[in-house]
Amino acid sequence: MLIRQKPVIRSFQITPEHNYLNRRDFIGSTALAGTSLLFAPGCAGADDKTPAANPEVNSFEDITRYNNFYEFGLDKEDPAKLSGAFNTSPWSVTIDGEAEITGKFNFEDIIGPHAIEERIYRFRCVEAWSMVVPWNGISLSNVLQRFKPTSKAKFVAFETVYRPAEMPGQRRGVLDFPYREGLTIAEAMHPLTLLATGLYGVDLPGQNGAPLRLIVPWKYGFKSIKSIVRISFTETRPYTTWSDAMPAEYGFYANVNPEVDHPRWSQARERRIGSGLFAKKQPTLMFNGYGDEVASLYTGLDLTRHF
Ligand SMILES: Nc1nc2c(c(=O)[nH]1)N[C@H]1C(S)=C(S)[C@@H](COP(=O)(O)O)O[C@H]1N2
Ligand SMILES: [Mo]
């Protein structure tokens, strides 16, 4: 049996954060996507693995104490405070729909033989704040391919665990639980799309979506569904919690797009968490800065209508 965070060095627990970041050297070439993308504009270089050169990377505290996870409440502090009773081991995920291999698989079988990589991704919430997070995980495509989706699989749907006894926000019914999200098959198979199992080299804390969650760095945060228990290959577009509950406010695609305002606020700028309450907002980049990699997924689509 495999342990959860196999090759990533779990140094965060025993060394200061800057040493951990230096050790990204050892993690090596598999981490290239996030690193090269994040630091490509102007600041790539030999020294880019230290926090001094990478001031953008948020602290472990920022990432684990300022969360959206409505299953635990509406306030940013609720998930960290109220997820103590959330039990994520053992964990299983049901794979169903348009695939040759379906069934219920335990966490280790979902991860399979793949090495856990580190990917540093920008993260942009629709609420106009952002962070930079060193995630650990594997490309979702590596996982999905092993279940042999059929030619009818046009979308991939995801569902969060429904456990009101452990999740106080579910008892209050603040959203249409279980939380559900979906991607086109092309989005799901894109190499940037990450199935995350950890951050800063440790297993995901409950508040960040333990034990496994989606990270889609060019989309608003709400697409990055947490604590996944079901992955379904579908022929038609699946139900998605935010865009189906509030279609005027949240679209199915949810690509980061500074040119399309949320009906109640602008999407043109963002506040980087950790940069201080009075720090100036910075401009938001189209596709959250990942346009070179992903814009081709949307050719021919009117992104002001399909937002
Ligand atoms: N199951 C579930 N997944 C979720 C959410 C949620 O409320 N429930 N919130 C989303 C939103 S709006 C954001 S911004 C991110 C926040 O992820 P983080 O807390 O790890 O930063 O998770 C997304 N995934
Ligand atoms: Mo969000």
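Placed above this text is the structure.
Here's what I pulled together on the structure shown here. (Residues numbered from 1 in each chain as written. Chains lettered and ligands numbered in written order. Predicted model: local features only at pLDDT ≥ 70, side-chain atom pairs only at ≥ 80, totals over all residues. Heavy atoms only, no water.)

## Points about the environment of R171
Mapped onto the elements, R171 comes out in helix α8 (residues 168-171). R171 gets classed as exposed once you look at its relative accessible area, which sits at 53%. Expressed as a C-alpha distance, the spacing of R171 and E71, which sit 100 residues apart in the sequence, is 8.4 Å. Residues within four places of R171 in sequence aside, it is in contact with P164, A165 and E166. (Helix = DSSP H or I, 4+ residues; strand = E, 2+ residues; numbered from the N terminus. Buried < 20%, exposed > 50% of the residue type's maximum accessible area, 1.4 Å probe, protein only. Contact = heavy atoms within 4.5 Å.)

## Notes on the site of ligand 1
By nearness alone, 17 residues border ligand 1, and N67, Y70, E71, R213 and K226 come closest of all. A distance of 3.3 Å separates a nitrogen atom of ligand 1 from a polar backbone atom of N68. A distance of 2.7 Å separates an oxygen atom of ligand 1 from a polar atom in the side chain of K226. Considering ligand 1 on its own, with 530 Å² of exposed area, one finds that the protein chains cover 97% of that surface. Taking a 2 Å distance to the grid points as the criterion, the majority of the atoms of ligand 1 fall inside the largest pocket. Of the residues contributing to the shell around ligand 1, the split by class is eight nonpolar, six polar and three charged. (Near = heavy atom within 4 Å. Polar contact = N/O pair within 3.5 Å; in protein donor to acceptor, adjacent residues only side chain to side chain. Areas by Shrake-Rupley, 256 points an atom, 1.4 Å probe, with all protein chains shown as cover. 1 Å grid on protein atoms, 1.4 Å probe; cavity = no way out; pocket = protein on both sides within 12 Å on 5 of 7 lines; lining within 4 Å. Sits in = over half its atoms within 2 Å of the grid points. Nonpolar A, V, L, I, M, F, W, Y, C, P; charged D, E, K, R; others polar.)

## Here's the deal with the layout of surface pockets
Here the idea is plain: a probe the size of a water molecule rolls over the atoms and shows the empty space left. Considering only enclosed or pocket space, the largest pocket measures out at about 470 Å³ in volume. N68, F69, C125, G221 and F222 are the residues nearest the centre of the largest pocket, which is lined by 30 residues in total. Here the lining of the largest pocket gets four residues from one element, more than from any other, and that element is strand β4 (residues 129-139). Taken together, the residues of the lining of the largest pocket sort by class into 18 nonpolar, six polar and six charged. (Points joined across faces, edges and corners; volume = space filled by probe spheres on them.)

## A look at the pairing of strand β10 (residues 228-234)
The buried fraction of β10 is high, at six of seven residues. The pairing of strand β1 (residues 92-97) with β10 spans four bridges and is classified as parallel. Across the sheet, residue G97 finds its bridge partner in β10, namely F233. Bridge count between strand β5 (residues 155-160) and β10: six bridges; the pairing is antiparallel. Of the residues in β10, the one forming a bridge with F155 is T234. (Pairing = 2+ DSSP bridges.)

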